[in-house]
4 protein chains.
Amino acid sequence: MSNILPALGDILEQRKHAEADSSYVASLYAKGLNKILEKVGEEATEAILAAKDAEHSGDNQDLIYETADLWFHSLVALAHLGERPEAVLQELARRFNISGLDEKAARQTD
Amino acid sequence: MSNILPALGDILEQRKHAEADSSYVASLYAKGLNKILEKVGEEATEAILAAKDAEHSGDNQDLIYETADLWFHSLVALAHLGERPEAVLQELARRFNISGLDEKAARQTD
Amino acid sequence: MSNILPALGDILEQRKHAEADSSYVASLYAKGLNKILEKVGEEATEAILAAKDAEHSGDNQDLIYETADLWFHSLVALAHLGERPEAVLQELARRFNISGLDEKAARQTD
Amino acid sequence: MSNILPALGDILEQRKHAEADSSYVASLYAKGLNKILEKVGEEATEAILAAKDAEHSGDNQDLIYETADLWFHSLVALAHLGERPEAVLQELARRFNISGLDEKAARQTD
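It should be emphasised that the depicted structure is a prediction, and the values quoted were computed from it without experimental measurement. (Residues numbered from 1 in each chain as written. Chains lettered and ligands numbered in written order. Predicted model: local features only at pLDDT ≥ 70, side-chain atom pairs only at ≥ 80, totals over all residues. Heavy atoms only, no water.)

## Section: the interface of chain B and chain A
Phase 1 of the analysis: Across the contact, 54 residues belong to chain B and 54 residues belong to chain A.
Phase 2 of the analysis: Taken over both partners, the interface formed by chain B and chain A buries close to 5200 Å², and the fraction arising from carbon and sulfur atoms is 76%.
Phase 3 of the analysis: Remark: the boundary between chain B and chain A carries two salt bridges.
Phase 4 of the analysis: A salt bridge links Asp69(B) to Arg95(A), with the nearest nitrogen and oxygen atoms 2.7 Å apart.
Phase 5 of the analysis: Of all elements in the fold, only α1 (4–14), α3 (33–57), α4 (61–80), α5 (85–95) and α6 (101–108) of chain B reach the threshold of two or more residues within the side of chain B that touches chain A. (Contact = heavy atoms within 4.5 Å. Buried area = accessible area lost by both parts, 1.4 Å probe. Salt bridge = Lys/Arg side-chain N within 4 Å of Asp/Glu carboxyl O. Helix = DSSP H or I, 4+ residues; strand = E, 2+ residues; numbered from the N terminus.)

Below you can see the structure in the form of structure tokens.
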């Protein structure tokens, strides 16, 4: 499960050099920050609706999918503003006192 | 950077057995899904505002902080509905063809 | 300025008897509550972004437009659930002690 | 039902001259645009959750209340940026071809 968000960060970085019509992410960058943030707002709403539906149905599949959409578009916003996923992960690790030791060990296996 | 979200998933799981007044997460669980989802909506708005301010100021610190808040509360919603962070990471890996090999290697170092 | 929201409530009521492909509102009703609420979330985000841009540009035109979109889609949600705009206006009047006398006078001119 | 939003617009205008600790609206103005827009985002989320709950319960009371909160805070944002409720009502009237005649008649009774 490790390294998925950093790998996604690499992909989002590469897309900055792609033509706007060559990928969804490149087209979002070209449309600019407001369009990216509209997607963050949309996906937050869809995740909230999916959670309410999951509460009744007991099926979390849409919620997982919409949460992935939400995180993804918030990573596009970060990338557009020059920031990597690791900055958010470090902030979460700091708050919850999650050790960097596992992280170090994991990187040595790369 | 690896393993931070799975470790946070463990913490969120443990908080389910805590008294409501013993931690912020336990109090959110006790208040129920609507209150958790209100926080997701709030933090999405705060992340959007922080991104707009970062666009003008060039300072991403608040954006990183608010994005951490957004991901965190979406993880609380997932946990409340019985789901782990790994489900979202796997969905993102699947979409972007990010290999699970690094992940396997990383887990062997745990 | 009076009577605009009640008149819009009448229009939203009439659209319930229209074919789904005959109007935007009829198509929203046919898609169901989640799609209507997704629009409420989208328009809230767009209104927030327009307000941030207005803060810098001094031009409120987009903000007025996006706020109209937000109110409109929240009226569609209300209509879909069997409620009229007057219910929200009455709630606002009640909170702010706004007299119903003007209202009565205005209705007599209809 | 007429004149409620314009009357609310007058109240929001008057609150600009009030001390920050004398009313909720005055305290929002003093905290600034971001805090006002956070409230718009919060209330949009709460209205969406209330609509989902109304779908299951058949009770619209919370939805009416939360929609009033949403409209109210969007009016505070407009007022903070120098705009009146009438601008949004006119935009809605224009889109739906709602006549201004009733409006004129209503004003003559004031």
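From this point on, the discussion continues.
## Some details on the relation of the copies chain C and chain B
Phase 1 of the analysis: For the pair chain C and chain B, the best superposition has an RMSD of 0.0 Å and corresponds to a rotation of 180 degrees with a translation of 0.0 Å parallel to the axis. In short, the pair behaves as if placed about a two-fold rotation axis.
Phase 2 of the analysis: Take the interface residues of chain C: 100% of them recur as interface residues in chain B, which is what a same-surface contact looks like. (Least-squares fit on C-alpha atoms with pLDDT ≥ 70 in both.)

## Here we look at the packing of aromatic side chains
Phase 1 of the analysis: Using the criterion set out here, one finds six aromatic pairs over all chains in the structure.
Phase 2 of the analysis: Centre to centre, the rings of Trp71(A) and Trp71(B) are 5.4 Å apart; their planes meet at 20 degrees, and the pair counts as stacked. Highlighted residues: Trp71(A) in helix α4 (residues 61–80) and Trp71(B) in helix α4, drawn from two different chains. This pair shows no difference in class: Trp71(A) is buried, exactly as Trp71(B) is.
Phase 3 of the analysis: For the cation-ring pair, Arg95(A) lies above Tyr65(B), with the distance from its terminal atom to the ring centre recorded as 4.2 Å. (Phe/Tyr/Trp six-rings, centres within 6.5 Å; stacked < 30°, edge-to-face > 60°. Buried < 20%, exposed > 50% of the residue type's maximum accessible area, 1.4 Å probe, protein only. Lys NZ or Arg CZ within 6 Å of the ring centre and 35° of its normal.)

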